[in-house]
Amino acid sequence: MRKTLLLIAVYLGSLNIVLAQKLDIIPKPVLIEQQGEVFQIPLSPKLILDEKLQNSAEYIRAEFLKSTGITPKVLIGTKQGKKSIAFLVDEKIRLPEEGYKLTVNKEGVLIQGKSANGLLSGFQTLLQISSAKEVEKGTIPFVSIEDYPRFEWRGMMLDVSRQFFDKETVKNYIDWLAAHKMNIFHWHLTDDNGWRIEIKSMPDLTLKGAWRGPGEVLPPAYGSGNQRYGGFYTQEDIKEVVTYALARGVSIMPEIEIPGHSRAVIGAYPELGCVITHQTKSVQGEVDNVWCVGREENYQVLDGIIKEFTELFPFEYIHVAGDEVNRATWEQCPECQALMQNEGFTDTFQLQNYFFRRVEKIVEKYNRKAAGWNEIMKGGELSPKTQIFAWQGVNYGIESAKKGYTTIMIPGQYTYFDMAQSPSERGHRWAAIIDTERVYGFEPIPENDLSMKEQKLIKGVHGALWSEYLDRPERFMEYQSYPRISALSEVAWSKKEAKNWEDFYGRLTNSHLQRLANMGIAFRDFPPKAIYNDGTITVTPPYEGALVHYDAEGKEPTMESPIYNLPIETKDFQNYRFRSFFNAVSASPVVKAEKPPVAAWNTSQSETLKLSEHISEHIDKNGIYYLSFNSKDEQSAHGVVKETSLFENDKLLTTYSEEQLLKSKPQMRFLIENYSDKNSYKLEFTVENKEEKASSAKVKLHYSPYLEPEVKVTSSMSENPRFPISNLEDYNPDTYLRTDVPCENGDWILYTFSIPVTSSKIEVLTGIPNHPRFFVNDGHVEYSYNGTDFEKGEAFDYGTASIYPKQPVKAIKIMITGTNHEPIVAGQDLRINP
């Protein structure tokens, strides 16, 4: 009997989980119990708010109406009325500060919390319940929820310097964070490319430092072009946004970028910088962007700036940055060198530490605490009140906690949302390719590396959206943010043991994407998978109900393109493109049809695997083929690949004998010159997994759509030895040219082919690959059929120009007619279509 009752209890518990899944709450609550009945919202419901929610009353009223379609009457009170929806503070409730209890029954809805922010968290859950896909409009299922956050700090940063976002856009961003129970908005207000906050004691910071373009103190950057670009927030704007955020349970942490990333400051007030004889460049290639640490007057200036910040922002922390400081400037500065000598410093990290200890004292004088990027730990001790943001990797968070500092985990490898979401998409790549699943898989506390006491110093998790890439396409800021922030919110809020990607993905795609759409977010939808096999393309939509549109001519699908319903029979699979569309503004990246992997393996043993695969069906024409080894993540990318060989009719064509780490994502080039449908092709390679760690990968072979003829490249501009001009001759998309000098009118880059090339279209690309920096603004492309006489082609548009030759081309020349207002120019491989 007891066993039977236990089985019934287990079944009922499982049933509750199934029912809870239908509510699709993100982030996932700690405890949830459901019943089958529902509360019918009255036609004129009463929302009874605790007096501590008075400043949030209008927000709650408006969001309730938007979510349910029902206009409520809002009252301030202390008791729940019959059939009412009450939000009441109970300071004795046994929950953490931001925890809440939400109960829905026949009497109505009761949300209890220890604080106003706890009630607001409960309100967000209520809104999600009422908007779940399976919940009938105007009803709320009977439910009992007890919930609280795993981390007290759940933050997101938006860079408004490199691209400026107006006040209303910032407010929208805060709304979206609040909907995910994210409680810190990190406002990156200053950087090299624009100062965005009014400082009354230093008016030139916005009169001059907020603008870039011709005739301004700041040059064009990040796609702003040859026009005046910029903007700033008045102090009244700041106060308005701070009040707006607090009404939603969101605190705003401002950031002042010092002492580096300060070109806007130095441009507006040159005396704040160092006096040097030789320009040095920051890691981004900026000059004149470092405060002079040895100039005593600068600390008085900083005192005035920080004082005004504290009058505008009530939050306890002010972020004072400290990342990527070009310390080489200080090595030339007489005042900085004199300070070093007086203090007995032996390196510039000590000088940096001196600066931050001075800044800490200013911040603490105004009853605030300093926060900074992990580089500020170098050079000496900091105030015990200072908080470290570990952006360069989890190891820096470990170092910070071991040194006793409160720490926020914001590793670029997981939470930098300026990173591309797939190899084909726009975005940075230096940290990682970061899709939503990778964000969700991040674990902020490295338990094996920290004691329990040290683990408690990890106060939370934080995302960042740097805006270098956000100038285009339209609304790319939203695309880069969501649903990755949805995943981050669950990392920050929900219990570690409750996390499960499949479960989260189900909640996200069943109801939550529609919630994002209802909020007006132009999010990134999930892409379909298109597989070509035996003359047929079969497409798998990313989730049930997803609409996939396709194009058969190599163009980007639109909502007017045909909808995929049935497998497509074709021999020209390379021309097909597929894309998921949630609505007119939210779509996935475009994907191509791919052939199945040619090989795969999965082992956790220390062993050597020799793989041999017949791959004749994967090779169907002459040309260049690339073999790639793709692991799902770093955890499964152990071991090396070696002795990779391709055979044609059992005759060796090409071999790569050297070892390549699987973590390096090996890619190998094979040239097929004598294809026949009667030929047989075989691939052989060896995998050596030297430790008992996970090693798995899918091996893919794809045909290159471009020609790769032998070419010699020369230029009027000197090269950076780390990025030599020979990189333009290797057809490797991961390598590129950087000059060592700025470009001027009359400069050129010349591509000369050994043998004239027949092509329908040649694309000429400048700038860093997938990055809107260092490209040619003013210039055009020229081409020659004999290597001597050149014809003028297209002008460069956003760093790219194309030619459409009528006969074989011997040479192509980039002709520069004006500066790009950058310290260098970058160039890429030609894309030569057959």
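Here the structure is a predicted model, which is why all the values come from computation and not from measurement.

Overview of the overall build of the protein chain
For the protein chain, the count of helices and strands is 18 helices and 44 strands. Counting only C-alpha atoms, the protein chain reaches 90 × 80 × 50 Å along its principal axes. By the burial criterion, 57% of the 834 residues in the protein chain qualify as buried. Only carbon and sulfur atoms are counted for the fraction: they give 49% of the accessible area of the protein chain, which is about 36200 Å².

Looking at the packing of aromatic side chains
Taken as a whole and judged by the stated rule, the model has 44 aromatic pairs. With 4.6 Å between their ring centres and 25° between their planes, Y440 and F504 make a pair best called stacked. Here Y440, found in helix α14 (residues 436-440), pairs with F504, found in helix α18 (residues 501-518); they are 64 residues apart in sequence, far enough to count as distant. The residues Y440 and F504 share a single accessibility class, namely buried. Consider the rings of F476 and Y479, whose centres lie 5.5 Å apart with planes at 25°: the pair is stacked. Taken as a pair, F476 and Y479 lie in helix α16 (residues 476-481) at a separation of 3 residues, close to a single helical turn.

With respect to the side chain of N298
Position of N298 relative to the elements: it lies in helix α8 (residues 297-312). Relative accessible area serves as the criterion here: at 1%, N298 is assigned to the buried category. Among all residues touching N298, those that are not within four sequence positions of it are E271, L272, W291 and C292.

Regarding the sheet that holds strand β25 (residues 591-592)
The sheet built from 3 strands is open, its strands ordered β22-β24-β25 with antiparallel pairing. Two strands bound the open sheet, and with one partner strand each, they are β22 (547-551) and β25.

Things to note about α8
The end-to-end C-alpha distance of α8, which contains 16 residues, comes to 24 Å, matching closely the 22 Å that a straight helix rising 1.5 Å per residue would cover. All of the buried residues in α8 are N298, Y299, L302, D303, I305, I306, E308, F309, T310 and L312.

Section: the nonpolar core
Core analysis: the largest hydrophobic core is formed by 165 residues, its most contacted members being F87, Y173, F185, W187, W195, F309 and F313. The contacts of F185, once residues within four sequence positions are left out, are M156, L158, V170, Y173, I174, L177, V250, S251, I252 and M253.

Notes on the sheet that holds strand β15 (residues 317-321)
A barrel is described by the order of its strands in space; here 8 strands give the closed sequence β8-β9-β14-β15-β16-β17-β18-β19, paired in parallel fashion. Within this sheet the neighbouring strands show an average axis-to-axis angle of 30°, counted without direction. Here strand β16 (residues 369-373) pairs with strand β17 (residues 387-390) via 3 bridges, running parallel. Following the sheet pairing, G372 is matched in β17 by I388. Taken strand by strand, helix α4 (residues 167-179) contacts β8 (153-159), β9 (184-188), β14 (251-258) and β19 (458-465), and its axis lies near 150° from that of β9.

Concerning the side chain of R196
Here R196 is to be found in the loop between β11 (194-195) and α5 (204-207). There is no salt bridge for the buried R196, and the closest opposite charge comes from D159, which lies 7.0 Å off by N-O distance. Here G231 takes part through its backbone oxygen, which lies 2.9 Å from a polar atom of the side chain of R196.

Let's talk about the pairing of strand β33 (residues 681-689)
Of all 9 residues that make up β33, 8 are buried, and the element is covered over most of its length. In this structure, strand β27 (residues 607-614) lies alongside β33, joined through 8 bridges in antiparallel fashion. In the strand pairing of β33, T608 is matched with E688. Across 7 bridges, the pairing between strand β29 (residues 640-648) and β33 is antiparallel. Bridge pairing in β33 links V640 to E688.

With respect to the confidence of the model for the protein chain
Considering every residue of the protein chain, the mean pLDDT works out to 95; 97% of them sit at 70 or more. When the elements of the protein chain are averaged for pLDDT, helix α1 (residues 2-23) gives the smallest value, 45, and β9 the largest, 99. Below pLDDT 50 for its whole length, residues 1-21 participates in 8 contacts with residues either more than four positions away or in separate chains.

A few points about unusual backbone geometry
With an omega dihedral of 0°, the bond running from I26 to P27 counts as a cis peptide bond. Looking at the secondary structure, you find P27 in the loop between α1 and β1 (31-40). In this structure, P259 follows I258 across a cis peptide bond, with omega equal to -10°. Tracing the backbone through its elements, the reader meets P259 in the loop between β14 and α7 (263-268). For D534, which is not glycine, the phi dihedral falls at a positive 55°. Within the secondary structure layout, D534 lies in the loop between β20 (529-533) and β21 (536-540). On the basis of relative accessible area, D534 is assigned to the exposed category, the value being 73%. Unlike most non-glycine residues, H821 shows phi in positive territory, near 60°.

Here we look at the pattern of salt bridges
Scanning the entire structure with this criterion turns up 46 salt bridges. Of the charged contacts, one joins R426 and D471 as a salt bridge, the two residues approaching to 2.8 Å between their closest N and O atoms. Of this pair, R426 sits in the loop between α13 (412-415) and α14 while D471 sits in the loop between β19 and α16, and the two are 45 residues apart along the sequence. On the basis of relative accessibility, which here comes to 21%, the residue R426 falls in the partly exposed class. A salt bridge links E708 to R669, with the shortest nitrogen-to-oxygen separation between them at 2.7 Å. Within this pair, whereas E708 is found in the loop between β34 (695-703) and β35 (711-715), its partner R669 is found in strand β32 (residues 667-672), the two being separated by 39 residues in sequence. E708 sits in the buried class, given a relative accessible area of 17%. By sharing partners, the salt bridges in this structure join K167, E168, K171, D237 and E240 into a single network.

Reading guide: rules and limits
All residue numbers here refer to positions counted from 1 along the written sequence of the relevant chain. Predicted model: local features are reported for residues with pLDDT of at least 70 only, side-chain atom pairs are reported and counted for 80 or more only, and whole-chain, interface and lining totals are derived from all residues. Side-chain numbers here rest on the full set of heavy atoms in the structure, without hydrogens or water. Here a strand is any run of E in DSSP of at least two residues, a helix any run of H or I of at least four, and the numbering for each starts at the N terminus. Exposure categories follow from relative accessible area, calculated using a 1.4 Å probe and restricted to protein chains: below 20% of the type maximum is buried, above 50% is exposed, and the middle band is partly exposed. Residue burial considers only the protein chains on display, and all accessible areas are found by Shrake-Rupley using a 1.4 Å probe. Stacked, edge-to-face and tilted labels apply to pairs of Phe, Tyr and Trp rings (six-membered ring for Trp) whose centres lie within 6.5 Å, assigned for plane angles under 30 degrees, over 60, and everything in between, in that order. Whether two residues touch is decided by their heavy atoms; if any such pair falls within 4.5 Å, the residues are in contact. Here, any two strands with at least 2 DSSP bridges between them count as paired. The length a helix should cover is 1.5 Å for every residue beyond the first. In these notes, a set of buried Ala, Val, Leu, Ile, Met, Phe, Trp, Tyr and Cys residues joined through side-chain atoms within 4.5 Å is what counts as a nonpolar core. Here an angle of 0 to 180 degrees is reported between the N-to-C directions of two axes, which are lines fitted to C-alpha atoms, with helices fitted over the stretch in contact. As used throughout, the charge tally considers Lys and Arg to be positive and Asp and Glu to be negative, leaving His and the chain termini uncounted. Each salt bridge in this description consists of a side-chain nitrogen of Lys or Arg and a carboxyl oxygen of Asp or Glu lying within 4 Å of one another. Identification of polar contacts relies on pairs of N or O atoms within 3.5 Å, with a donor-acceptor requirement for protein atoms, meaning one able to donate a hydrogen and the other able to accept it, and with residues adjacent in sequence counted only if both atoms are side-chain atoms. A residue's pLDDT is the confidence the predictor assigns to it, expressed on a 0 to 100 scale.

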